[in-house]
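# Fold and contact review
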Amino acid sequence: QVQLVESGGGLVQAGGSLRLSCAASGRGFSINGMGWQRQAPGKQRELVAGITSGGSTNYEDSVKGRFTISRDNAKNTVYLQMNSLKPEDTAVYYCYARVSPYIYWGQGTQVTVSS
């Protein structure tokens, strides 16, 4: 069993920045991919960014150039640096971790961007 604990959400004005963190804990696991998805009210959950254990990254088109995903494998932690935030980035952000053959999810953290 793997537990994911997120932190760093909050309220920020448009153009501001936030940094999300997600730490994985448990026993005897090896994490493959990690990343973030988000779900805005009335919308489907979408991938925001992902990162492999080797450091390869991918981003949703609307966040490219503004968000940066990184991970510390020694700490089993993934980060999402969000800059130039826009009101349309408002959503609940969920981190995930792939521990083959399972995917584990965090509890979600609210990010609200005011105009």
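So, here is what we can say about the structure in this document. (Residues numbered from 1 in each chain as written. Predicted model: local features only at pLDDT ≥ 70, side-chain atom pairs only at ≥ 80, totals over all residues. Heavy atoms only, no water.)

### Some thoughts on the pattern of salt bridges
Counted by the stated rule, this structure contains five salt bridges. For Asp 61, the salt bridge goes to Lys 64, with nearest N and O atoms at 3.0 Å. A network of salt bridges, in which partner residues are shared, links Arg 38, Glu 46, Glu 60, Arg 66 and Asp 89. (Salt bridge = Lys/Arg side-chain N within 4 Å of Asp/Glu carboxyl O.)

### As for the environment of Gly 8
Relative to the assigned elements, Gly 8 resides in the loop between strand 1 (2-7) and strand 2 (10-13). Its relative accessible area of 34% is what places Gly 8 among the partly exposed residues. Placed 10 residues apart in sequence, Gly 8 and Leu 18 show a C-alpha to C-alpha distance of 6.9 Å. (Helix = DSSP H or I, 4+ residues; strand = E, 2+ residues; numbered from the N terminus. Buried < 20%, exposed > 50% of the residue type's maximum accessible area, 1.4 Å probe, protein only.)

### Examining the state of the cysteines
By the definition in use, this model includes one disulfide. Linked covalently through their sulfurs, Cys 22 and Cys 95 form a disulfide whose S-S length is 1.9 Å. The disulfide joining Cys 22 to Cys 95 has a torsion of about 40° about its S-S bond and is therefore right-handed. Here Cys 95 lies in strand 9 (residues 91-99) and Cys 22 lies in strand 3 (residues 18-26), a separation of 73 residues in the sequence. (Disulfide = S-S within 2.5 Å.)

### Focus: the pairing of strand 1
Every second residue of strand 1 is oriented toward a common face, the buried set being Val 2, Leu 4 and Glu 6 and the non-buried set Gln 3, Val 5 and Ser 7. Taken together, the six bridges between strand 1 and strand 3 define a ladder with antiparallel strand orientation. When the bridges of strand 3 are listed, Leu 4 appears paired with Ala 24. (Pairing = 2+ DSSP bridges.)

### Quick notes on the side chain of Ser 21
Note that Ser 21 resides in strand 3. Owing to a relative accessible area of 18%, Ser 21 belongs among the buried residues under this scheme. Not counting residues up to four positions away in its chain, the partners in contact with Ser 21 are Val 5, Glu 6, Ser 7, Trp 36, Val 78 and Tyr 79. (Contact = heavy atoms within 4.5 Å.)

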